[in-house]
Amino acid sequence: MLYSEKVMDHFQHPRNVGKMDDADGIGEVGNAVCGDIMKMYIKVRDGIIVDVKFNTFGCGSAIATSSMATEMIKGKSIDEALALSNKAVVEALDGLPAHKIHCSVLAEEAVKAAVKDYYDKHGIAYDPEQFCSGDCACCHAHDVPADADQK
Ligand code: FES
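I will try to describe carefully the structure that is included in this document. (Residues numbered from 1 in each chain as written. Predicted model: local features only at pLDDT ≥ 70, side-chain atom pairs only at ≥ 80, totals over all residues. Heavy atoms only, no water.)

In terms of nonpolar packing, the biggest core is built from 35 residues, with Met 40, Ile 42, Ile 49, Ile 73, Ile 78, Val 115 and Tyr 119 touching the most fellow members. Of all elements in the fold, only strand E2 (37-45), strand E3 (48-57), helix H2 (60-73), helix H3 (78-82), helix H4 (86-92) and helix H5 (101-121) reach the threshold of two or more residues within this core. Top contributing element to this core by residue count: H5, with 10 residues. For Ile 42, the contacting residues outside a window of four places in its chain are Met 20, Ala 23, Asp 24, Gly 25, Ile 49, Asp 51, Val 52, Ile 73, Ala 114, Val 115 and Tyr 118. (Core = buried A, V, L, I, M, F, W, Y, C linked by side-chain atoms within 4.5 Å. Buried < 20%, exposed > 50% of the residue type's maximum accessible area, 1.4 Å probe, protein only. Helix = DSSP H or I, 4+ residues; strand = E, 2+ residues; numbered from the N terminus. Contact = heavy atoms within 4.5 Å.)

This structure, assessed with the given rule, holds 2 aromatic pairs. Ring geometry for Tyr 118 and Tyr 119: centres 5.9 Å apart, planes at 45°, overall tilted. The pair formed by Tyr 118 and Tyr 119 is uniform in burial state, with each residue classed as buried. Feature note: the residues Tyr 118, Tyr 119 and Tyr 126 constitute an aromatic cluster, connected by ring pairs. (Phe/Tyr/Trp six-rings, centres within 6.5 Å; stacked < 30°, edge-to-face > 60°.)

Attention now moves to the side chain of Lys 112. Note on placement: Lys 112 falls in helix H5. Within the local environment of Lys 112, its side chain forms a polar contact with the side chain of Glu 108, the two groups lying 2.9 Å apart. Other than its neighbours up to four places away in sequence, Lys 112 contacts Leu 82, Leu 84, Gln 130 and Phe 131. (Polar contact = N/O pair within 3.5 Å; in protein donor to acceptor, adjacent residues only side chain to side chain.)

Printed below as a string of structure tokens:
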């Protein structure tokens, strides 16, 4: 079978879908490969992610990985959430077809973007590079300086 039972389960019954009106952090990211978008909401108390919700305009694999990612960070510390890799989410889902791995990146980046937004809104200092995978849309740590082409 192309998709594991866990992928099918999370795709057909996604956990933590929806919007959060009183979120402490909101991350919105787009997938450069397919153009799909994902929005992740987190509620934080004493450094713990006590609630999380997501919405996506994305494919089934994006829905399944986001659903699994929300389950994996709920009740965890922010540091644990930041350490969550798309690889760990894919493993928890018993794998994805190779051409769908890029979909799982959306979930990881959305979690990071939501934490970054939480830090920004609450004046918490951080190293921007910590949010950068090198090609993501969630920070500008690797942006080319504006004057680079004038030299
Ligand atoms: Fe766009 Fe999967 S094809 S996230």
